[in-house]
Amino acid sequence: MVQPACLRQNRPTGFLGISRIDTAAEKLLKWSNRGPKWRSAAEACLSAMDGKMPTGDFRLLFEAAADEEEMLLPD
């Protein structure tokens, strides 16, 4: 099982764990920084949804985009 990616949020807990591809896709669409890492994560998201990419591989790309957006919390 893939561990959730933890993102900064305006919530009582201060973070949000992302463990589903569709939830990650929703977050990606809300980010303003759409650089190369975001594009790679967005393309990987579609591939993972279609079962063409392992979720662990997608998670790495999603975390890179989240880090670029300054949303990723350290493990």
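Residues numbered from 1 in each chain as written. Predicted model: local features only at pLDDT ≥ 70, side-chain atom pairs only at ≥ 80, totals over all residues. Heavy atoms only, no water.

*Asks:* What exactly am I supposed to notice about the overall build of the protein here?
*Replies:* Counting secondary structure elements, the protein contains three helices and two strands. The order of α-helices and β-strands along the protein, N terminus first, is β-β-α-α-α. Expressed as a percentage of its 75 residues, the buried residues of the protein come to 33%. (Helix = DSSP H or I, 4+ residues; strand = E, 2+ residues; numbered from the N terminus. Buried < 20%, exposed > 50% of the residue type's maximum accessible area, 1.4 Å probe, protein only.)

*Asks:* Just checking my understanding: could you explain the nonpolar core for this structure?
*Replies:* In summary, soluble globular proteins display a tendency toward joint burial of nonpolar side chains. Ranked by internal contacts, the top residues of the largest apolar core, which has 17 residues, are Leu28, Trp31, Cys45, Phe58 and Phe62. Of all the secondary-structure elements, those providing two or more residues to this core are helix H1 (21–30), helix H2 (36–49) and helix H3 (55–68). At five residues, H2 tops the list of elements feeding residues into this core. (Core = buried A, V, L, I, M, F, W, Y, C linked by side-chain atoms within 4.5 Å.)

*Asks:* Explain the packing of H2 against H3 to me, please; I cannot follow it from the model alone.
*Replies:* Helix-helix packing is characterised by the crossing angle of the two axes and by the distance between the axes. In the contact formed by H2 and H3, the axes pass within 8 Å of each other and the chain directions differ by 150 degrees. Between H2 and H3, the angle is such that the two are roughly antiparallel. The hand of the H2/H3 crossing is left-handed. Residue-level inspection shows Pro36, Lys37, Trp38, Ser40, Ala41, Ala44, Cys45 and Ala48 of H2 in contact with H3, the latter providing Phe58, Leu61, Phe62, Ala64, Ala65 and Glu68. Across the contact of H2 with H3, the residue classes tally to 11 nonpolar, one polar and two charged. (Axes fitted to C-alpha atoms, helices over the stretch in contact; angles between N-to-C directions. Parallel < 35°, antiparallel > 145°, perpendicular 65-115°, else oblique. Left-handed = near helix turned anticlockwise from the far one by under 90°. Contact = heavy atoms within 4.5 Å. Nonpolar A, V, L, I, M, F, W, Y, C, P; charged D, E, K, R; others polar.)

Structural measurements only, silent on function.
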